[in-house]
Amino acid sequence: MRSHSCGELSLDQVGQTVTLCGWVARRREHGEHLAFIDLRDHTGLVQCVVDGAAELRSEFVVRVTGVLRPRPEGTVNDQLSTGQVEVGECTVEVLSAAEPPPFPLDERAADVDETVRLRYRYLDLRREDMQKNLRTRAKINSAIRSAMDAQDFVEIETPMLIASTPEGARDFVVPARTKPGNFYALPQSPQLFKQLCMVGGVDRYYQIARCFRDEDLRADRQFEFSQLDAEMSFASQDDVLECITRAVSAAVEVVTGEGIGEVPRMTWRDAMDRFGSDKPDVRFGMELTELTSVFAKTEFNAFKASSIKGICHVGAAAETSRSRLDELTDDAKRWGAKGLVWMRVEDGEAGLSLNSPVAKFLSEDEKTGILDLLGAQAGDVIYLVADDWAKVCHVLGLLRLALGRPPVNEGGFNFLWVVDFPLFESIDPVTSKPVSAHHPFTMPHEDDWALLDGEPEDLLKVRSQAYDLVLNGWELGSGSVRIHRSDIQSRIFELLGVSAEEAALKFGFLLDAFRFGAPPHAGFAFGIDRIVALLLGEENIREVIAFPKTQSGGDPLTGAPTPIEPAQLEELGLRLLPQAT
RNA sequence: GGUCCCGUGGUGCAGCCUGGAGUGCACGCCGGCCUGUCAAGCCGGAGGUCGCGGGUUCAAAUCCCGUCGGGACCGCCA
């Protein structure tokens, strides 16, 4: 049907008769007998010179046959990769007429209401940006698969219709026609199946898996998403990090032409202390500074707290108005702080001085301590939060991002392994049982096994062999060394307050499997949508998903979700509640 | 569950604060002119339930309340 693609044409093919197929991207008429058509396919644009174009309109699908020739002197277009040439002596066959598109299919589409783009996603996808994103995603998937194959991982597909488990995120649920009143769940991840693969002697498993979580959507979260899911037998944490780093490196190489070297590591504790986040964006400084000891004997009631930290926004005093400071204070309160103390650093008669509503409550030693530890200079703005350690880190971490985070496409690709996550994230105030930070099959750090028999506060100090991969402040994925010893697993369930009966009910098949000879194993999973978005400089994963959903979980193109017929409900043994109709 | 922002011809915006005739700009669309343009140019034209509902008012795109849709975020996402 065609001899060439539009974007591949260059001076090399001059003189050849070419047949091209594509869409009319633009038409420039110069009277009855001269017009220019920009013909577009997935490879790009090329200019066709035609004898009148009255019958052609935007987005008509045409086949053009003509002779490729150099453009006349002075008409070369440097903006276009095919700008040296044009197709002349054209005959044009209309393969499909088209209505005018509802929005411009060029770079201006970036400003169009996203709902409109999604309603006409098939038009949106014709755009160069979207073509690039889809094709880059495909290449990244391919590179990741190659990297995993080369490391002897076996690609295995796991079921999409599985048993629901109460742990973790809210499940998407599918009614079972053959067993009315029962339900399948869509997998939140293939977690249990990949561990069963290890028991099954697979040794190394991987899959680019579709996963489903019925939780509120965000710029970096959809109901359904893809992850590289992997699991290794007879492997340590270091083995996993090395293998995953190779896959990530292959993905990066698709976009930058270069792989990544060793990925730096940071402990969870350091990440929280210095950046106030378990997924620190290390593209910029403004680190949290520990100030608790400065206020050990303070007279200022608001600072009589177990933890005080501060951040210094260098040189920001001039640009930070009083109303902006009030906004930031409101933000801090929304994030859970009791308040936010701000201080403008100014030149005073005797060195630096602090301009702040609370300055009068602070001693000279305290003021000096703040300035010294933060290394503040005149013109800086200092923010302080006092509360318990976790709250202080959380609030200042969010404040740091609000004040200093660079645009998504700046600062390069700063991968980071965050290691030594705590095994338990908190003690439930009602049951006084610890709550798993990762999942209950995560292996505690060997050095901390003794703490498992200690007091509740000791439990919170237990580190796990769990690790996250972070890129520019986005959590790309997480993994852990799994518990393969039944004595340790029993102890963890005991601590979590999960009875043997309950464990058997929820995870019995896995625990059964482990009784038949489970190899030590460890694994990881990272989000494809996220890594592709970041590598392409997109701040929203919808830009790298062909048919994404809106924040409320709808699809403007198909109208999903929709009601179903009463007969369908009947067959499934379901009846709707009055408020659902 | 919560906070904030947005909604005006097909598209992007201005108008709203300070109420006074659907007013304006750019693109697109339709028609005409135009033989070297490339977001072609020039001339003319069509195109509107100001998201929806209610309230205040002599009068509402504009003020108030509610609601729907979209977006960002907190919670949530083992």
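See the structure above.
If you're wondering where the values come from, they're calculated on a predicted model, not measured in any experiment. (Residues numbered from 1 in each chain as written. Chains lettered and ligands numbered in written order. Predicted model: local features only at pLDDT ≥ 70, side-chain atom pairs only at ≥ 80, totals over all residues. Heavy atoms only, no water.)

## Things to note about the overall build of chain A
No. 1: Regarding its fold elements, chain A presents 14 helices and 22 strands.
No. 2: Taking the principal axes of the C-alpha coordinates as reference, chain A spans close to 90 × 80 × 55 Å.
No. 3: Classification of the 581 residues of chain A by burial places 48% in the buried group.
No. 4: As displayed, chain A has an accessible area near 28800 Å², and 49% of this comes from carbon and sulfur atoms.
No. 5: Positive and negative side-chain charges in chain A, numbering 61 and 91 respectively, have mean positions lying 3 Å apart. (Helix = DSSP H or I, 4+ residues; strand = E, 2+ residues; numbered from the N terminus. Buried < 20%, exposed > 50% of the residue type's maximum accessible area, 1.4 Å probe, protein only. Areas by Shrake-Rupley, 256 points an atom, 1.4 Å probe, with all protein chains shown as cover. Lys, Arg positive; Asp, Glu negative; His and termini not counted. Charge placed at Lys NZ, Arg CZ, Asp CG, Glu CD.)

## Notes on the environment of D129
No. 1: Within the secondary structure, D129 sits in helix 3 (residues 128-150).
No. 2: Classification of D129 by relative accessible area gives partly exposed; the value is 37%.
No. 3: For the pair D129 and D216, spaced 87 residues apart in sequence, the C-alpha to C-alpha distance is 27 Å.

## Comments concerning the pattern of salt bridges
No. 1: The full count for this structure, using the stated rule, is 44 salt bridges.
No. 2: For the salt bridge of E59 with R40, the shortest nitrogen-to-oxygen distance reads 2.7 Å. With E59 in the loop between strand 3 (44-50) and strand 4 (61-70) and R40 in strand 2 (residues 35-41), this pair connects stretches of sequence that are 19 residues apart.
No. 3: By relative accessible area, E59 is classed as buried at 5%.
No. 4: Between D273 and R269 there is a salt bridge; the shortest N-O distance is 3.6 Å. With D273 and R269 both in helix 6 (residues 268-275) and four residues apart, this pair spans about one turn of that helix.
No. 5: On the accessibility criterion, R269 (44% relative accessible area) is partly exposed.
No. 6: Ionic contacts of the salt-bridge type, sharing partners, join the residues R117, R121, D124, R127, D129 and E543 into one network. (Salt bridge = Lys/Arg side-chain N within 4 Å of Asp/Glu carboxyl O.)

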